[in-house]
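If you want the building blocks of each chain, they are given just below.
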Amino acid sequence: MDKTSPSGPIGIFDSGYGGLSVFKEIQQLLPQYDYIYLGDNARVPYGTRSFDTVYNYTKQCVFKLFEMGCNLVILACNTASAKALRTLQHNDLPAGKKVLGVIRPTTEIVHNYTKTNKIGILATTGTVKSESYKIEVHKFNPEIEVFQHDCPFWVPLVENNEINTEGAHYFVQKDIRELLQQSDQIDTIVLACTHYPLLLPVIEKYVPKGVTVISQGPVVAGSLQDYLHRHAEVEASCSKNGQLAFYTTDDPRDFETKAQIFFGKPVDASHISV
Ligand code: DGL
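Here is what the cut-offs are and how they apply
Residues numbered from 1 in each chain as written. Predicted model: local features only at pLDDT ≥ 70, side-chain atom pairs only at ≥ 80, totals over all residues. Heavy atoms only, no water. 1 Å grid on protein atoms, 1.4 Å probe; cavity = no way out; pocket = protein on both sides within 12 Å on 5 of 7 lines; lining within 4 Å. Points joined across faces, edges and corners; volume = space filled by probe spheres on them. Nonpolar A, V, L, I, M, F, W, Y, C, P; charged D, E, K, R; others polar. Phe/Tyr/Trp six-rings, centres within 6.5 Å; stacked < 30°, edge-to-face > 60°. Helix = DSSP H or I, 4+ residues; strand = E, 2+ residues; numbered from the N terminus. Buried < 20%, exposed > 50% of the residue type's maximum accessible area, 1.4 Å probe, protein only. Lys NZ or Arg CZ within 6 Å of the ring centre and 35° of its normal. Expected span 1.5 Å × (residues − 1). Arc of directions from axis to C-beta. Pairing = 2+ DSSP bridges. Right-handed = clockwise from strand over helix to strand, strands pointing away. Axes fitted to C-alpha atoms, helices over the stretch in contact; angles between N-to-C directions. Parallel < 35°, antiparallel > 145°, perpendicular 65-115°, else oblique. Left-handed = near helix turned anticlockwise from the far one by under 90°. Contact = heavy atoms within 4.5 Å. Salt bridge = Lys/Arg side-chain N within 4 Å of Asp/Glu carboxyl O.

Participant: How do you make sense of empty space enclosed by the protein when you look at a structure like this?
Facilitator: Over the atoms, a rolling probe the size of a water molecule traces out where space has been left empty. Scanning the entire structure with this criterion turns up one cavity of 30 Å³ or more. Looking at the largest cavity, it is lined by 14 residues, and the ones nearest its centre are Ser15, Thr79, Thr124, Cys193 and His195. For the lining of the largest cavity, the per-class residue count stands at six nonpolar, seven polar and one charged.

Below is the structure:
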């Protein structure tokens, strides 16, 4: 890390509102830092798009956060972490800039939950197709069998605040049944899309007793805290005035209305072009 570059806010990026479920936990655990949240609401969903498109969109947003002074950016989006993180880290990062994702922190802890060594992954179509969870889980725990199921309707349900509707109940019940039909020994389900914890009250109705559901927010927040302890130079590059800023590529008034529901408190948002 370049010691001469000024410290800056931590950037949190998602395709839309879902990353707020991660940001909320990060900000609660690490309130001393400054943060900029960027939601690419104008181009959500990412989960149904090609590798190239997700990579290009993610790169534009991450570089916008760098331009705004961030030295560390968290991809609070599984689809972007699955399809863009590796290439960004290997090919694109300017000196002194870091990008982290949400898949690695999650796959590092799943063995703490499963007793049967059979876990289920609920995610977007893009994340499922990338096989990133299978690959990362097997790096740490080759004995764990990973079953995946994509839930293409869940992100639109969350983005449109259709969380406790008949439609949400229908799709959540159907998708959980289809995942669990793959093995009756699945005892742990990872909500591997940052939008999905917002559906938790509905999800819990359809998950059988004895099956643990993992939301990523607290996991990613704990992992970031640990990362900053271990990387003093990155920690020193993060400014600490406890300030938050929210940007959206779509309408900021819509963002404020919905973000409040997902972030748990009122937010002031501004429009940004990437
Ligand atoms: N929130 C994103 C994730 O964690 C995906 C939502 C989308 O499809 O854009 O995968």
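And the narrative resumes.
Participant: In this structure, what is going on with the packing of aromatic side chains? I would like to understand it.
Facilitator: Between two aromatic rings, the relevant description is the distance of the centres plus the angle of the planes. Under the definition given, this model contains 16 aromatic pairs. On the numbers, 6.1 Å between centres and 40° between planes, the contact of Tyr37 with Phe255 is tilted. Highlighted residues: Tyr37 in strand 2 (residues 35-39) and Phe255 in helix 13 (residues 252-263), separated in sequence by 218 residues. Taken as a pair, Tyr37 and Phe255 share a single burial class, namely buried. A cation over a ring is seen here: Arg43 above Tyr57, with NZ or CZ 3.8 Å from the ring centre. Here Lys59 stacks its cationic end above the ring of Phe63, 5.9 Å away from the centre of that ring.

Participant: Just to check I follow, could you spell out the layout of surface pockets for this structure?
Facilitator: The calculated volume of the largest pocket comes to roughly 730 Å³. Taken together, 31 residues make up the lining of the largest pocket; nearest its centre are Leu85, Gly101, Ile103, Arg104 and Pro105. For the lining of the largest pocket, the elements supplying multiple residues, two or more each, are helix 3 (78-83), helix 4 (85-92), helix 5 (103-107), helix 7 (132-140) and helix 11 (216-230). Residue contributions to the lining of the largest pocket peak at seven residues, all from helix 11. Residue classes in the lining of the largest pocket are distributed as 16 nonpolar, eight polar and seven charged.

Participant: Could you clarify how one ought to interpret helix 11 in this entry?
Facilitator: Residue pairs three or four apart in sequence face the same way in an α-helix, which turns once every 3.6 residues. Along its 15 residues, helix 11 runs 21 Å from first to last C-alpha, staying within 8% of the 21 Å computed at 1.5 Å per residue. Those residues of helix 11 that sit buried are Gln216, Gly217, Val219, Val220, Ala221, Leu224, Tyr227 and Leu228.

Participant: What exactly am I supposed to notice about helix 7 here?
Facilitator: Within the span of helix 7, buried status applies to Ser132, Tyr133, Glu136 and Val137. Each buried residue of helix 7 lies within a common arc of 115° when the element is viewed along its axis, so the set occupies one face.

Participant: I tried to follow the pairing of strand 7 (residues 188-191) on my own but got confused; where do I start?
Facilitator: Where a strand is regular, its side chains alternate between the two sheet faces. Of the two faces of strand 7, the one holding Thr188 and Val190 and the one holding Ile189 and Leu191 are both buried throughout. Across four bridges, the pairing between strand 5 (residues 118-123) and strand 7 is parallel. Bridging across to strand 7, Ile119 finds its partner in Thr188. In this fold, the crossover linking strand 7 to strand 8 (residues 212-214) by way of helix 10 (residues 200-206) has right-handed handedness.

Participant: What is the right way to read the packing of helix 1 (residues 20-29) against helix 11 from this model?
Facilitator: When two helices pack together, you describe them by how their axes are tilted relative to each other and by the distance separating the axes. At a closest axis distance of 8 Å, the pairing of helix 1 and helix 11 adopts a crossing angle of 45°. Accordingly, the angle class assigned to the pair helix 1 and helix 11 is oblique. In terms of crossing hand, the pair formed by helix 1 and helix 11 is right-handed. Where helix 1 approaches helix 11, its residues Ser21, Val22, Glu25, Ile26 and Leu29 are matched on the opposing element by Gly217, Pro218, Val220, Ala221, Gly222, Leu224 and Gln225.

Participant: Before we go on, may I ask you to explain the pattern of salt bridges in this structure?
Facilitator: Applying the stated criterion across every chain, the model contains 11 salt bridges. Ionic pairing is found between Lys59 and Asp92, a salt bridge with its closest N-O pair at 3.6 Å. On the criterion of sequence distance, the pair formed by Lys59 in helix 2 (residues 51-67) and Asp92 in helix 4 is long-range, its members being 33 residues apart. Here the salt bridges share partners, and the residues they tie into one network are Arg86, Arg104, Glu136 and Lys139.

Participant: Please clarify how the sheet that holds strand 10 (residues 269-271) should be interpreted in this entry.
Facilitator: The pairing of strands in a sheet comes from backbone hydrogen bonds and takes either a parallel or an antiparallel form. The six strands lie next to each other as 4-3-1-2-9-10, forming an open sheet whose pairing is parallel. A single partner strand is all that each edge strand has here, and the edge strands are strand 4 (98-100) and strand 10. Taken pair by pair, the neighbouring strands of this sheet meet at an average axis angle of 25°, ignoring direction. In the sheet, strand 1 (residues 10-14) pairs with strand 3 (residues 72-75) via four bridges, with the strands oriented parallel. Bridge pairing in strand 3 places Phe13 opposite Leu75. Those strands touched by helix 13 are strand 2, strand 9 (244-248) and strand 10, and its axis lies near 145° from that of strand 10.

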